[in-house]
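Listed here are the chains, written in short residue letters.
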Amino acid sequence: MRYIIICILLFASFAAAQEVLWQRDGDLVTSHFGAGIYPLGDQNDDGYADWAVWNSDEHGGDSTGLSFFYGGPNPSQTPYLRITGEQGDPYRRILLFKFCDFNGDGFTDWMISFWPYLSDTGYVKFYSGGVDADAVPEVVWTMAGFFNPNATTGEIGLIGDHNGDGYDDFYYYDSRPSDLTTVYLGSPTWDFQVSYVTQGEPIFSGESRPNDIYGDFNGDGFDDFPTQDAGVTKFYFGSAEPDTIPDLAWSGNFSINAMLEADLNDDQYDDLLVHRGESIVEVHMGAETPSEVATGNLEYGACPNVGHELHSAGDFNRDRYEDVIIINSACNGGFGRLALFVGGSYLRTTPVWEEDGTVNGLMVGICCATGVGDINGDGIEDLTVGCQNGFNRRGRVVIFSGDTTMILPAEEHQPIVDDFSLSIYPNPANGFVTIDVQPLSSSQPVEISIYSVQGREVDRLSLPWTSRSHFYDVSPLATGLYFLHATNGRKYLTPKLVVLK
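As the structure is a computational prediction, the values presented were derived from the model and not from experiment. (Residues numbered from 1 in each chain as written. Predicted model: local features only at pLDDT ≥ 70, side-chain atom pairs only at ≥ 80, totals over all residues. Heavy atoms only, no water.)

Thoughts on the overall build of the chain
Point 1. A count of helical and extended segments in the chain gives two helices and 35 strands.
Point 2. When burial is assessed residue by residue, the chain has 56% of its 501 residues classed as buried.
Point 3. Surface accessibility of the chain: about 20,400 Å² in total, with carbon and sulfur atoms responsible for 50%. (Helix = DSSP H or I, 4+ residues; strand = E, 2+ residues; numbered from the N terminus. Buried < 20%, exposed > 50% of the residue type's maximum accessible area, 1.4 Å probe, protein only. Areas by Shrake-Rupley, 256 points an atom, 1.4 Å probe, with all protein chains shown as cover.)

Below, the structure is given as structure tokens:
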């Protein structure tokens, strides 16, 4: 039985005690060093995590680009690799980066998009990571109208290993005039193949556009991803032969930031976090059939803005649960704010660390943050923070050491009963069914919501804690598959119900 643990460190003591493993400012006063930070895994196979930093120089040119750094007991300030604006042309700007393992060799690769100023043609270059990584791309794509606001607008994003073949996959979304999404499969030979193409219905609805987030939401070993339009979010579950038929359809959309890259409660399902309003992030726990009803909210108040970045912080306190970092760069007059939430066997809804970009002189103008892995080899995953305001726009990146002291004794909370279960019989059914819950571990009722495959709630039940069984009449329901979302306030279950008439 696992015991619940929780952090009680206050902001002031945490900030003062936290060890800085690495700190670096940009080379130029216009570098904007740290505008983006990207974990690379162990690129040189030495047992230490590595990372890349974006210099988004406002003047473009050779000072705009990626700087790559190796981890180690004393990480170097000098990048081992740099990729900059092409050919010294100050108008040839690097536009975006995506990092994953395209060729399945176990090393993180990257793609970079270039946009020549006032041109209707862009470039996407794919680079192989690893010990022999260099600035020479493996593949170069020429994209007519790519990223030109005066012509066709394109977007590239990641969907993980959607077909489970060991190679990460990606998409290209073309908003005008075709409103098409093309999914490409990773390949050991870099000859990316088209898996399928989808089009928005109606055209220009954006309905086919993925959200550039992915993870194994339903725990089947394949990465999943959502798409959106104005009124619905559709989920496409991965499989050996992926298709264009959505597996879930939820009301609302994820036009505001979301993430699906962390398993907060260590149940082998990746969990979905999505902004639904100012200072609140909904959490939908992964499950065989995830529920549209949020498990709970992460509340990072004191800033009436929607956070612009959600990322996994890795296992920052080495308690075997993944943690989450929320960044709000617009907060505090543009000086930013971060909030760190730790995972656990129940949902911790308040942050254990909050940092204001106007208070701590080390981090003025917080703009981004992410878990970077274990860069110094102490067995604890570390956290990178990028800062942009101040330093004459030079920019700064700070890497903090993971902290195992963020743990309370187990007796501070009662343990959760891990064997809470729910069964339905008969199933399929056309009349009354029995819903059995075992065991009832608290005096809280079991709340049950019933959803159609379209994501519409059709009924809601409350099973008193004094009774293990409940008789439910399914005859008012139409023939079809239904999903139940059941919770005792601590654990969530999502069994299926089939109605046949």
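That was the structure; now back to the text.
Description of the environment of serine 467
Point 1. Note that serine 467 resides in the loop between strand 31 (457-463) and strand 32 (469-473).
Point 2. Expressed as a C-alpha distance, the spacing of serine 467 and proline 445, which sit 22 residues apart in the sequence, is 9.2 Å.

Comments concerning the nonpolar core
Point 1. Counting residues in hydrophobic clusters, the biggest one holds 20 residues, and the most contacted among them are Leu422, Ile435, Ile448, Tyr472 and Val474.
Point 2. The residues contacting tyrosine 472, other than those within four sequence positions of it, are Gly431, Phe432, Val433, Ile435, Ile450, Asp459, Leu461 and Leu477. (Core = buried A, V, L, I, M, F, W, Y, C linked by side-chain atoms within 4.5 Å. Contact = heavy atoms within 4.5 Å.)

What to know about the packing of aromatic side chains
Point 1. All chains considered together, the criterion is met by 30 aromatic pairs.
Point 2. Each ring, one from tyrosine 70 and one from tyrosine 80, has its centre 3.6 Å from the other, and the planes form 0 degrees; the classification is stacked. Of the two residues, tyrosine 70 sits in the loop between strand 4 (65-69) and strand 5 (81-84) while tyrosine 80 sits in the loop between strand 4 and strand 5, which places them ten residues apart along the sequence.
Point 3. Relative accessible area serves as the criterion here: at 26%, tyrosine 70 is assigned to the partly exposed category.
Point 4. Overall, tyrosine 80 belongs to the partly exposed group, its relative accessible area being 24%.
Point 5. The structure contains a cluster of three or more aromatic residues connected by ring pairs, namely Tyr38, Trp54, Phe68, Tyr70, Tyr80, Phe97, Phe99, Trp110 and Tyr127.
Point 6. Lying across the ring of phenylalanine 33, arginine 24 places its NZ or CZ 5.1 Å from the centre. (Phe/Tyr/Trp six-rings, centres within 6.5 Å; stacked < 30°, edge-to-face > 60°. Lys NZ or Arg CZ within 6 Å of the ring centre and 35° of its normal.)

Examining the pairing of strand 4
Point 1. With five of five residues buried, strand 4 lies mostly within the body of the structure.
Point 2. With five bridges connecting them, strand 3 (residues 50-55) and strand 4 associate as antiparallel partners. What sits directly across from asparagine 55, in strand 4, is glycine 65.
Point 3. Alignment of strand 4 against strand 5, held across four bridges, turns out to be antiparallel. Paired with serine 67 across the two strands is arginine 82, which belongs to strand 5. (Pairing = 2+ DSSP bridges.)

Some details on the confidence of the model for the chain
Point 1. Mean pLDDT over the chain works out to 81, with 80% of the residues at or above the 70 mark.
Point 2. In the predicted structure, residues 1-17 sits below a pLDDT of 50 and forms 48 contacts with residues beyond four places in sequence or in another chain.
Point 3. This stretch, residues 147-152, has a pLDDT under 50; its non-local contacts, to residues over four places away or in other chains, come to 18 contacts. (pLDDT = per-residue confidence, 0-100.)

Remarks on the state of the cysteines
Point 1. Scanning the entire structure with this criterion turns up zero disulfides.
Point 2. We note that cysteine 367 lacks a disulfide partner, and the nearest cysteine sulfur, in cysteine 368, lies 3.5 Å from it. (Disulfide = S-S within 2.5 Å.)

Here's the deal with the sheet that holds strand 16 (residues 248-251)
Adjacent strands of a sheet pair through backbone hydrogen bonds, lying either parallel or antiparallel.
Point 1. On the basis of which strands lie adjacent, the open sheet formed by three strands has the order 14-15-16 and antiparallel pairing. Only two strands of the sheet have a single partner each, and these edge strands are strand 14 (225-228) and strand 16. Going across the sheet, the axis of each strand differs from the next one's by a mean of 25 degrees, ignoring polarity.
Point 2. When strand 15 (residues 232-236) meets strand 16, the two strands line up antiparallel, connected through four bridges. Bridge assignment links lysine 234 to a residue of strand 16, and that residue is alanine 249. (Axes fitted to C-alpha atoms, helices over the stretch in contact; angles between N-to-C directions.)

Observations concerning the side chain of histidine 284
Point 1. Note on placement: histidine 284 falls in strand 19 (residues 280-284).
Point 2. The exposure class of histidine 284 is buried, given its relative accessible area of 1%.
Point 3. A polar contact of 2.9 Å, which involves the side chain of histidine 284, links it to the side chain of glutamate 282.
Point 4. For histidine 284, the contacting residues outside a window of four places in its chain are Phe217, Trp250, Asp271, Leu272, Val274, Ser291, Glu292, Val293, Ala294 and Thr295. (Polar contact = N/O pair within 3.5 Å; in protein donor to acceptor, adjacent residues only side chain to side chain.)

Observations regarding the sheet that holds strand 28 (residues 421-425)
Point 1. Strand order in the open sheet formed by three strands is 28-29-32, with antiparallel pairing between adjacent strands. Here the strands that pair on one side only, and so sit at the sheet edges, are strand 28 and strand 32. Between one strand axis and the next, the sheet turns through 20 degrees on average, direction left out of account.
Point 2. Pairing geometry for strand 29 (residues 432-438) and strand 32, over five bridges, is antiparallel. The residue of strand 32 that forms the bridge with phenylalanine 432 is aspartate 473.

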